[in-house]
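The primary structure of each chain is shown beneath.
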Amino acid sequence: MNIFRLTGDLSHLAAIIILLLKIWKSRSCAGISGKSQLLFALVFTTRYLDLFTSFISLYNTSMKLIYIACSYATVYLIYMKFKATYDGNHDTFRVEFLIVPVGGLSFLVNHDFSPLEILWTFSIYLESVAILPQLFMISKTGEAETITTHYLFFLGLYRALYLVNWIWRYYFEGFFDLIAVVAGVVQTVLYCDFFYLYVTKVLKGKKLSLPAAQYVHP
């Protein structure tokens, strides 16, 4: 494992922990898209079914279990524990416009036409767009809490570091996964505007806001 993948994993874990702590400490999930969190839970569930069929390393297995557990814990906090604080009126992105095309694409473009491989491919495609409901929610409300922007920053940083990881692996290991790379590029591009606003506003102590026109509802 190279340093870029390790730091990418740690950034991903940091994002998840930041979100969980934000919800738990404030006793509120205001400003958090429950739909995005449901999509991430679906991503981890379909991606890590190989937990039942193969063992790569203790680190690999531990991280998979942590991601799955944390994603469902987040969903529980949003839809059950602190349901009264969930802003469903602004979390209105039509996720079926993501799930259906992604499902169809995973059947058409995959490495191997087998159940586990199709589900893995589905998870890769879905992860690339799972953040859209959250970005749309921010654009709809016009602003985001600072702690929420930290969560999004580390989530975007994780994917950016994974792009560097794939470049590293291509040059030093001869490994190249076109599906993962293309999906990763799409996901990173979705964060570009956010990264700019994060650096120019949040890091200077200002509150982040997004013009509603930046993310158009499908």
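Quantities reported herein were computed from a predicted structural model and do not represent experimental measurements.

Procedures and definitions
Residues numbered from 1 in each chain as written. Predicted model: local features only at pLDDT ≥ 70, side-chain atom pairs only at ≥ 80, totals over all residues. Heavy atoms only, no water. Buried < 20%, exposed > 50% of the residue type's maximum accessible area, 1.4 Å probe, protein only. Helix = DSSP H or I, 4+ residues; strand = E, 2+ residues; numbered from the N terminus. Arc of directions from axis to C-beta. Contact = heavy atoms within 4.5 Å. Phe/Tyr/Trp six-rings, centres within 6.5 Å; stacked < 30°, edge-to-face > 60°. Lys NZ or Arg CZ within 6 Å of the ring centre and 35° of its normal. Core = buried A, V, L, I, M, F, W, Y, C linked by side-chain atoms within 4.5 Å.

Chemist: Looking at this model, I keep getting lost on helix α9 (residues 192–200). Mind explaining?
Modeler: Buried residues of α9: Phe194, Phe195, Leu197 and Tyr198, and no others. All buried residues of α9 lie within an arc of 170 degrees about the axis, which places them on one face of the element. Taken together, the buried residues of α9 touch α7 (146–173).

Chemist: Before we go on, may I ask you to explain the side chain of Ser28 in this structure?
Modeler: Its place among the elements puts Ser28 in the loop between α1 (3–26) and α2 (34–47). In this view, Ser28 contacts Lys22, Ile23, Phe82 and Thr85; residues no more than four positions away in its chain are not counted.

Chemist: Is there a simple way to think about the packing of aromatic side chains in this case?
Modeler: For any pair of aromatic rings, the description consists of the separation of the ring centres together with the inter-plane angle of the planes. As enumerated under the stated definition, the model contains 19 aromatic pairs in all. Taking 5.3 Å as the distance between ring centres and 80 degrees as the angle between the ring planes, the aromatic pair formed by Tyr170 and Tyr171 counts as edge-to-face. Through a chain of ring-to-ring contacts, three or more aromatic side chains come together here, namely Phe153, Phe154, Tyr191, Phe194, Phe195 and Tyr198. The ring of Trp24 carries the charged tip of Arg27 above its face, separated from the ring centre by 4.5 Å. Over the ring of Phe175 we find Arg169, and its NZ or CZ is 4.0 Å from the ring centre.

Chemist: I keep staring at the nonpolar core and nothing clicks. Help me out?
Modeler: In a soluble, globular protein the nonpolar side chains are often hidden away together inside. Residues Tyr151 and Leu155 are the most contacted members of the largest nonpolar core, which totals 56 residues. Aside from chain neighbours lying at most four places away, what touches Tyr151 is Ala15, Ile18, Leu19, Gln37 and Phe40.

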